[in-house]
Amino acid sequence: MRAIQYHQFGDYDVLGAATVREPVAPEGWAVVRIVLAGVSPLDNTARLGKLPAGAIKPFPVVPGVTGVGVLVEPGTSDLPVGTRVVLGGGRYGLGVDGTWAELVAADPANLVPVPDAVDDTAAAALTTGAGHLTALLTLTDVVDFRPGGTVLAPGVGGAVGQGGVEIARVLGASQAITTATSSAKAAKGREAGFEVIDLTRESLRDGVKRITDGKGVDVVLDGVGGAITGEALGSLAAHGSLVSIGYSAAMTATIDVTDLIWKNAHVHGFRVAAYTPEQTRAANAKLLDLVAQKEINPIVDSVFPLADAARAQRHLIEGGPFGRVLLAA
């Protein structure tokens, strides 16, 4: 079968097309024929070798954390052959081979049926980058978010920025705000219905102050890191919470400790991997239902052929996409 592999850590060029054996599923596991696979920042971090020792299986590695496809071997899933499923959770592309291939062996605990009202592209976009999943788990489990509260999810083009705003709205936020690093992207975000702070025209703190009438936001979902983290912390309302989710900009941040002290602020770390397969599967099922009801609308920036995986990953990291980047298997 066709797949993408890398045999060493490195730049985009270590990703190569390969013809490999079809997966032999462990006992009880299912086999899924992939239709669309997601391209996420985690795939890039893994390929660069920046994850902790032991996080990546021995080379060669087939990347791909998420995907949507058709069940060809059900294993112990109790789902009929031909069921459309998303892979939600698991260590695909990390501890086991991932979704950048025609077929993938999958733990039934990670399979979520796709409703008829949700097409493959929307299902793949929903799970790529886990932005909606992260927002749902964070706002319902990590912080004490309540209807009427306010949320900032920086990065209008990214999974956490878009997913954070959409889920905050579903949960009853009075204001859900994101940011853009260019006026062009800010305009695109506003056209898509987002409340966007254009960071080329005003600071994050000033933008939040303007939009919230000086109160600040109750929750920050920070998938950006770097300089944004300190600014976002300073944008919190009293007793607010910042949840550190990712580091698309940088892994190191500088904060003013008085923003912690005088606001009585709370800072949390978040990893989807800390949740059980059952919790993740239930959350993904709820999100797919929200897509079916048209309450959320995951955005796709581009779809690349599987053979162009290196170009797709470069576009995600360096091209400033607005929405998810996918691979068509």
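Per chain, residues are indexed from 1 in the order of the written sequence. Per-residue local features of the predicted model are confined to residues with pLDDT of at least 70, and side-chain atom pairs are confined, for both listing and counting, to 80 or more; whole-chain, interface and lining totals are unaffected and use all residues. Based on all heavy atoms of the structure, the side-chain values leave hydrogens and waters out of the count.

### Brief notes about the packing of helix α3 (residues 131-142) against helix α4 (residues 159-170)
Inference 1: Interaxial distance between α3 and α4 falls to 7 Å at its minimum, and their mutual angle equals 50°. When the axis of α3 is compared with that of α4, the two are oblique. Two packed elements cross with a definite hand, and for α3 against α4 that hand is right-handed. Contact residues: α3 offers Gly131, His132, Ala135, Leu136 and Leu139, while α4 offers Ala159, Val160, Gln162, Gly163, Gly164, Glu166, Ile167 and Ala168.
Inference 2: Here the residues of the contact of α3 with α4 sort into seven nonpolar, five polar and one charged. The axes are straight lines fitted to the C-alpha atoms, using for helices just the contacting stretch, and the angles between their N-to-C directions are given from 0 to 180°. Here a strand is any run of E in DSSP of at least two residues, a helix any run of H or I of at least four, and the numbering for each starts at the N terminus. Angle categories: roughly parallel below 35 degrees, roughly antiparallel above 145, roughly perpendicular from 65 to 115, and oblique for all the rest. Note: crossing handedness is left-handed where the near helix turns anticlockwise from the far helix by less than a right angle, and right-handed where it turns clockwise. Should any heavy atoms of two residues lie within 4.5 Å, those residues are considered in contact. By the convention adopted, Pro, Cys, Tyr, Trp, Phe, Met, Ile, Leu, Val and Ala count as nonpolar, Lys, Arg, Asp and Glu as charged, and the other residues, Gly among them, as polar.

### Observations concerning the layout of surface pockets
Empty space among the atoms can be located by rolling a probe the size of a water molecule over them.
Inference 1: Put simply, the second largest pocket is a space of about 240 Å³.
Inference 2: Using a grid of 1 Å spacing that covers the protein atoms alone, one calls a set of points a cavity when a 1.4 Å probe fits there but cannot get out, and a pocket when the set is open and has protein on both sides within 12 Å along at least five of seven lines; lining residues are those with an atom within 4 Å of a point. Along its surface, the second largest pocket is lined by 17 residues, and Met1, Pro23, Val62, Asp97 and Ala105 are the ones closest to its centre.
Inference 3: The greatest single-element share of the lining of the second largest pocket, amounting to three residues, is contributed by strand β6 (residues 103-106).
Inference 4: Among the residues forming the lining of the second largest pocket, the class breakdown is twelve nonpolar, two polar and three charged. Grid points are joined across faces, edges and corners, and a volume is the space filled by probe spheres set on the points.

### Observations concerning the pattern of salt bridges
Inference 1: In what follows, salt bridge is the name for a side-chain nitrogen of Lys or Arg lying within 4 Å of a carboxyl oxygen of Asp or Glu. Tallied over the entire structure, the rule returns eleven salt bridges.
Inference 2: Here Asp97 and Lys57 are joined by a salt bridge, their closest N and O atoms 3.5 Å apart. Of this pair, Asp97 sits in the loop between β5 (84-87) and β6 while Lys57 sits in the loop between α1 (41-47) and β4 (67-73), and the two are 40 residues apart along the sequence.
Inference 3: To sort residues, take the accessible area from a 1.4 Å probe on protein chains only and compare it with the maximum for the residue type: under 20% means buried, over 50% means exposed, and anything in between is partly exposed. Residue Asp97 is classed as partly exposed on the basis of its relative accessible area, which comes to 32%.
Inference 4: Taken together, the shared-partner salt bridges connect Arg205, Glu231 and Asp259 into one network.

### Description of the UniProt feature "domain: Enoyl reductase (ER)" (unreviewed entry) in the protein chain
Inference 1: With numbering aligned to this structure, UniProt lists the feature "domain: Enoyl reductase (ER)" (unreviewed entry) at residues 10-327.
Inference 2: What you have in residues 10-327 is 30% helix and 23% strand, and the ends, taken at the C-alpha atoms, are 20 Å apart. UniProt positions are given in the numbering used here, feature names are shortened, and annotations may be inferred rather than shown by experiment.

### Description of the nonpolar core
The nonpolar side chains of a soluble globular protein tend to be buried with one another.
Inference 1: The criterion is simple. A nonpolar core is a set of buried Ala, Val, Leu, Ile, Met, Phe, Trp, Tyr and Cys residues joined through side-chain atoms within 4.5 Å. Counting 47 residues, the largest nonpolar core has Leu139, Phe145, Ile167, Leu221 and Leu287 as the members making the most contacts within it.
Inference 2: If you list the elements that add at least two residues to this core, you get α2 (120-127), α3, α4, β9 (175-180), β11 (217-222) and α9 (277-292).
Inference 3: Beyond its immediate stretch of four places on either side in the chain, Leu287 contacts Leu126, His132, Leu133, Leu136, Ile167 and Ile296.
Inference 4: In this structure, Met1, Val31, Ile56 and Leu316 belong to the second largest nonpolar core, which totals 37 residues.

### Quick word on helix α10 (residues 309-318)
Each α-helix winds once per 3.6 residues, and so residues spaced three or four apart point in a common direction.
Inference 1: Ala309, Ala312, Gln313 and Leu316 are the residues of α10 that are buried. The buried residues of α10 occupy one face: seen down the axis, they fall within an arc of 95°. For α10, the exposed residues set more than 90 degrees away from the buried face come down to Arg311 and Glu318.
Inference 2: Residues of α10 that are buried sit in contact with β1 (2-5), β3 (30-39), α1, β14 (300-305) and β15 (324-328).
Inference 3: Looking one or two residues past α10, Gly320 carries a phi angle of roughly 60°, positive in sign. Read the arc as the range of directions from the helix axis to the C-beta atoms.

### Quick look at the packing of aromatic side chains
Inference 1: Side-chain rings of Phe, Tyr and Trp (the six-membered ring for Trp) are treated as a pair once their centres are within 6.5 Å; stacked means planes under 30 degrees apart, edge-to-face means over 60, and tilted covers the remaining angles. Summed over the entire model, instances satisfying the criterion amount to four aromatic pairs.
Inference 2: Ring geometry for Tyr6 versus Phe59: centroids 6.0 Å apart, planes at 65°, classification edge-to-face. Residue Tyr6 is found in the loop between β1 and β2 (16-19), and its partner Phe59 is found in the loop between α1 and β4; the two are separated by 53 residues along the sequence.
Inference 3: Assessed through its relative accessible area of 38%, Phe59 is described here as partly exposed.
Inference 4: For the pair Phe270 and Tyr275, a centre-to-centre distance of 5.8 Å together with 45° between the ring planes defines the contact as tilted.
Inference 5: The class for Phe270 is buried, based on a relative accessible area of 9%.
Inference 6: Tyr275 sits in the buried class, given a relative accessible area of 14%.
Inference 7: Members of the aromatic cluster, joined through ring pairs, are Tyr6, Phe9 and Phe59.

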